Amino acid sequence: MPSLTHFLGLQNSNISVESGFYSILSVVALQILCLWLFDGLVFGGIRVNVWGDRNLVTTSLSSQQDIAYTPEASSFVDVLASFTLGLFSPQVAQNDAHLLGQHTVRMSPISTAQLNPYGEIYCLPSSGNAVLVPVLLNNTNPVALKYSITPLGFGPGQPEFLDLSGKELRAIEQARVEALQLTRPVSQDETDEYDEYDDDPIPKHSPSLQRTQTLVHIRLSKPGILRLERVFDTSSTEARLVIPSDLTVVPCPQAGFTPDKQAENNIRCAGQENDVQLMMDINGVPPLRLKWSKTVNGKREAFLVEGIEGGRHSKSSPSSDPSSQIASISADSTKWTPAPEKLQVPLAISLDIPGSHIYALEEVMDATGNTVLIDGNTPDNLANHRAMRSFTVLRRPAISFKHCSLEHPVSLAIGSEAALTVSTIDADPVDAPWEVSIKYQPSSGDKSSKRFKPWRKTLSTQGSRRDLAIGVTAPAENEQWCAGDVLAPESCNVVEKPIPTAEIQWTKIHECSGDTGVSATLVLHGTPPFHVYYTVQKDSEVPKEMSKTFASSRGQFTLQPEQSGHYIFTFTKISDANYQRVEFDGPSINQIIHPPASADFIGIPKGPGRKKAINSCEGRLVDVEVELRGSPPWSLELQLVGPQSSEILTISNITLNRKTIQIPIPEAVDQEGGAFEIDLISVEDKSRCKLPISVPGVSVNVRRLKPTVKFYGVNGKRQVTVLERERAGLPLRLTGESPWRMKYHRVGDDGVTSLTLKTPNDVVYVSEKGLYEILEISDAQCPGSVIGDASDYRVDWVPRPTAKLSEHTPATYEPLNGSYILPPLCEGMDDHVDLDLTGRPPFQIMYNIAQGNDQGGTRLIDQPIFNSIQPRTRFQLHTSDPGRVYYEVKQIGDGAYPLENHKNTPIPRYERLLFEQQVSLRPTARFKNRNRLSYCLYDLFTPLDRLSSDGLVVLEGTPPFQLELSIKNLATSHVDQQMIEVHDHSWKLSLQTYQFTSVGPHLVVIQSVADASHCAHAALDPLATSVWVDVAEAAAIVPVDRREDFCVGEAAQFQLEGTPPWSIGYRINGKAYTQEAKVSPFSLLQQQAGEFTVTSVAHQQKMCKASITDLRFSVHPLPSAQVGHGKRIYQDIHEGDQAEIVFTLVGEPPFTFTYQRLELTTGRGKPGKVLETHTVSRIYSNEYSIFSALEGTWTVTSISDRYCRYPPTQPELGTQKN
């Protein structure tokens, strides 16, 4: 039989063979890697079965009952697969490893080729660029393509023919795909219709290609008429060309503004030019259309211009001017297209509106339909860009004086410059800076002066500032771009202000004592307000400058010094609203001044009619201070005014200007107390000029009774008892005039407390206990005295309740920690202590209960509150938990100090009552777990596994322990008693003297336990103090079916005898294995081909093991079948041809297999409809072939050999269950 490759080569058919392993691996490599990492990291190394389930029978059997498996046959690849989580597996990456491969036959239709299948229009942007023209191929794998180009300007009959090989076509496609990948990412929806026969990606703008279609491109780098001539496929068959097969490619149209040197000057003035023309360069095949837009101050308008062409083309016949025409030749007719032209077209614009003007060229279209969007609407330099022109239209500026006119002149001080402001109006900032022409003309009265000369200057503003500060009049104006206007007020009048002057007249002031001062009368010239500066010099002292302010042009003021001396008064400077501190030679006056005598009391309060008050508590004299003015010595007259009489008192020869005078108290007032006044009547100085005095006097209040203070007590008892920290009010009795100032202290304290009292029966509040004593007292006028026999007051606290152990309580005091040690007792026993309480019943006792831990510390168990109405109460102890128990009385409340109101005042720790007690644990015993123990007949009752916790007894208490056990044989009803001494807290069942003499269950029970504390043991849990022991004979295994041949995937069943679980030992091809079984019958699924032998069986946790010598059978591998040697074969044939389908059979002949023919699939992953099914039997060779001229896919569905069948039949295991 000839080989498959040789046969296919003779048929000249396309056969695409894909390797099952390497092709699938390359397609799903990324998915496999993701699964590998996810499984390894998340599931900790669980093996990933990448290529499906290899044991279909195993899955179905597992759904019926629990079945064990023999190990699979292993190789080096299996070992490698275990480390790679199934990435490298010996199985082929297909759902069924026993039925591999498929052979697909397809009928090839007629080949076609179509130039420009989507009817697009092409143009060349420039001479250095190229365009790609698509060619749509159907059922064609091209190896050669021939096309022609007719240059523009040549007549028909002179085309240029070019050839492209398959390699060149693939190179063009590769470059196109790379360019697409650089410009845009490939989306998922663009590859949904990808077919393995399509070598070309689908263009984004084109419809989706069918499975039999491909797309190639012709690279065209010069304009002309492109015509597709021939296309050949791999079988040297010429494809049929679809009409039309030609395409005209012309240069792309272009448009732009003509370069102009004047374009840099893009600033215009409104109304300066009536019409402005912009020249445009337009290239392309006429007639052309142009879209352009105009944007004025952000408002955009769009325009369209059509029919742009030169004057040499005739609209009647294309043959009238052959030299300017190009030919477009088709199969049966000739079309003429005008040749491209370069045109220059003007664009008229208007620049009347001030603001921003932007003119942009947007789109140009030629006669063949090529449309080009003109890029350049947002250039860096709009004025110089070819696609855009921009202008800035400025308004005419205007200028005038600001805040100045002929009617409102500006004031000018002599020797300075006035600030005049010229301001622009409605000026554009782009037009800045502005140049302003200024003219100055002096007034007619100053023409003879040299410093006032007429002048004219041109000044510029600073940057974009709109104001110009100058000192002249009559402005004119000039600017950079646009001429401007001068607005009113165009003139500014400047008036010079005069310097202020004054007319001053001095006048002396004379009295009986002589000259006492001067007065000045002033007439002021200038602009008010005025400030007049003058100096005052006394004797040889430094002159002092002073000033006076006058709001009008006339003023007067008086100067009368209080001290005698030689004075000089001089005027020096004057200021008004326009000039500051102008010096002038003012008049001076010299005068020896003696001020008139005067006197006043020192310390008189401010305010009309207010007098100074003096209090006198003792003595016959009152001191008052007087201040005198004038020339010493002075004589002073005072008047003393009493309730019923008055007297004059004269004090002579006073030489000091401040004098303390002792005034005798009138006799009537001195004896009984009361009030009198002291007034100044007259004063006389050295000049013997006696002057009356009218000033406020002094009021004197004379007291003869001193204030007193004492503590008040009922019946002489000055003592109060209050709760601890509660405020106590100490009553007072005071005499005198409010307010009083009192000082007191607590006896024993260093500090003294002062407070102000306002009522005669005031109260002092204190919060500490002790004896309080009054130290001093004073009222509003005089200091007083403390009444000695009532100067102290005692404050006591109600004592807090206490608790102590009764003297009858058996306890030992431990001075180290201040605790009472109570006698120890066993857990759960009742115990108490008696407490003796002091205070006011009822009592509340808050105490802490704590228990020691193994680390030497304590933990708080509870904090209860105990109530009692009797002074002696019984205190119940906590004995439910073993260990060291500590009791601490934290706080005690009674009727005076209830706990609810004194939660924050616990007993200090060093004063608390402490007692403790040791509670001994009652011994207990239990088994750590209740797992059944397994022994064989005649075994001693000793541990089989020292590391296992089965049979372990856990004891609690104080060692050593006395443990009593009973062992009951249920088969004989015999009970054996054992007494064991244990020195640790755990013990494993180990009875050297006990032997199991019969088969069956035995019950081991803990009867009692005792420890060193001599406490009775706690109640024993019946469930935790017993354990079962199973005693069994040797195990056995019997096969259910006496077969000598099995297939891989079949289950062998065995009947097991003994007590579960069982351990079965077996060999496969000489290698030993072990399998655990929990139920009988037991099924073992065979997964290895070879000889299977059962060697041993054991039960009771692998005990009581028995050897097996006569249980063996053979396991045969499952047969397999392959189509196309296990590969996917695709074969294209034409009508009348046949394809050979080869089947390869693996196993022990004779073979029987079934194959099917399916219709071709229409989508990925969807199997086709079954068209026919055939079964072939009694085949003794390992290869079988058929021939077919039909279209479809051939696959194998089943195969059987001498021993086995695949897929295997489902075994019926339901009758083999227990």
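Residues numbered from 1 in each chain as written. Predicted model: local features only at pLDDT ≥ 70, side-chain atom pairs only at ≥ 80, totals over all residues. Heavy atoms only, no water.

- Looking at an unreviewed UniProt entry, one finds the protein chain named Nucleoporin Pom152 and attributed to Lentinula edodes.

### So, the nonpolar core
Right, on to step 1. Formed by 46 residues in total, the largest nonpolar core has its most connected members in Phe1054, Ile1064, Phe1092 and Phe1153.
Right, on to step 2. Among the elements that take part in this core, strand 88 (residues 1103-1116) stands out by supplying five residues, more than any other.
Right, on to step 3. Every residue in contact with Phe1153, bar those within four places of it in the chain, is listed here: Phe1143, Leu1145, His1174, Thr1175, Val1176, Ile1179, Tyr1184, Val1196, Ser1198 and Ile1199. (Core = buried A, V, L, I, M, F, W, Y, C linked by side-chain atoms within 4.5 Å. Buried < 20%, exposed > 50% of the residue type's maximum accessible area, 1.4 Å probe, protein only. Helix = DSSP H or I, 4+ residues; strand = E, 2+ residues; numbered from the N terminus. Contact = heavy atoms within 4.5 Å.)

### Things to note about unusual backbone geometry
Right, on to step 1. Pro1081 follows Ser1080 through a cis peptide bond whose omega is 5°.
Right, on to step 2. Residue placement: Pro1081 occurs in the loop between strand 85 (1071-1077) and strand 86 (1082-1085).
Right, on to step 3. For the bond running from Tyr1206 to Pro1207, omega is -5°, close enough to zero to count as cis.
Right, on to step 4. Along the chain, Pro1207 turns up in the segment after strand 96 (1205-1206).

### As for the packing of aromatic side chains
Right, on to step 1. Enumeration over the complete set of coordinates arrives at 30 aromatic pairs.
Right, on to step 2. Measuring from centroid to centroid gives 5.1 Å for Tyr887 and Phe915, while their planes differ by 15°, and the two rings are stacked. With a gap of 28 residues between them, Tyr887 in strand 69 (residues 883-893) and Phe915 in strand 70 (residues 914-920) connect regions that are remote in the sequence. Phe915 shares its class with Tyr887; the two are buried.
Right, on to step 3. Joined through ring pairs, the aromatic side chains of Trp506, Tyr534, Phe550, Phe557, Tyr567, Phe569 and Phe571 make up one cluster.
Right, on to step 4. When the ring centre of Tyr712 is taken as reference, the NZ or CZ atom of Arg733 above it lies at 4.0 Å.
Right, on to step 5. The ring of Tyr897 carries the charged tip of Arg800 above its face, separated from the ring centre by 4.3 Å. (Phe/Tyr/Trp six-rings, centres within 6.5 Å; stacked < 30°, edge-to-face > 60°. Lys NZ or Arg CZ within 6 Å of the ring centre and 35° of its normal.)

### Section: the state of the cysteines
Right, on to step 1. Enumeration according to the criterion identifies five disulfides in this entry.
Right, on to step 2. Each sulfur in the disulfide pair Cys826 and Cys1015 lies 1.9 Å from the other. The chirality of the disulfide connecting Cys826 with Cys1015 is left-handed, given an S-S dihedral of about -80°. Residue Cys826 is found in strand 63 (residues 825-826), and its partner Cys1015 is found in the loop between strand 79 (1000-1010) and strand 80 (1026-1032); the two are separated by 189 residues along the sequence. Side by side, Cys826 and Cys1015 carry an identical accessibility label, which is buried.
Right, on to step 3. What pairs with Cys1047 in a disulfide is Cys1204, and their sulfur atoms sit 1.9 Å apart. Here the disulfide of Cys1047 and Cys1204 is left-handed, its torsion about the S-S bond being about -100°. With Cys1047 in strand 82 (residues 1045-1047) and Cys1204 in the loop between strand 95 (1192-1200) and strand 96, this residue pair connects regions lying 157 residues apart in the sequence. Both residues of the pair, Cys1047 and Cys1204, count as buried. (Disulfide = S-S within 2.5 Å.)

### Side note on helix 6 (residues 166-183)
Right, on to step 1. Relative to the 26 Å expected for 18 residues at 1.5 Å per residue, helix 6 spans 26 Å between its end C-alpha atoms, a close match to the ideal helical length.
Right, on to step 2. Listing the buried residues of helix 6 in full gives Gly166, Leu169, Ile172, Glu173, Arg176 and Val177. Along the axis of helix 6, the buried residues cluster in a sector spanning 135°; they form a single face. For helix 6, exposure combined with an orientation more than 90 degrees from the buried face picks out Lys167, Gln181 and Leu182.
Right, on to step 3. Looking at the buried positions of helix 6, the neighbouring elements they touch are strand 7 (131-138), strand 8 (142-151), strand 9 (160-165) and strand 10 (213-220). (Expected span 1.5 Å × (residues − 1). Arc of directions from axis to C-beta.)

### Quick notes on the sheet that holds strand 76 (residues 974-982)
Right, on to step 1. Taken together, five strands build an open sheet; the order of strands is 72-80-79-75-76 and the sheet is mixed. This sheet does not close on itself; its edge strands, each paired only once, are strand 72 (933-936) and strand 76. Within the sheet, the average angular offset between the axes of one strand and its neighbour, ignoring direction, is 25°.
Right, on to step 2. Relative to strand 79, strand 75 (residues 961-969) runs antiparallel, the two being bridged by eight bridges. Considered in strand 79, the bridge of Leu963 is made with Val1009. (Pairing = 2+ DSSP bridges. Axes fitted to C-alpha atoms, helices over the stretch in contact; angles between N-to-C directions.)

### Re the sheet that holds strand 68 (residues 872-876)
Right, on to step 1. Read across the sheet, three strands follow the order 60-64-68 without closing on themselves; strand pairing throughout is antiparallel. Of all the strands in the sheet, the pair left with one neighbour each is strand 60 (802-805) and strand 68. Across this sheet, the average inter-strand angle for adjacent strands is 35°, counted without regard to direction.

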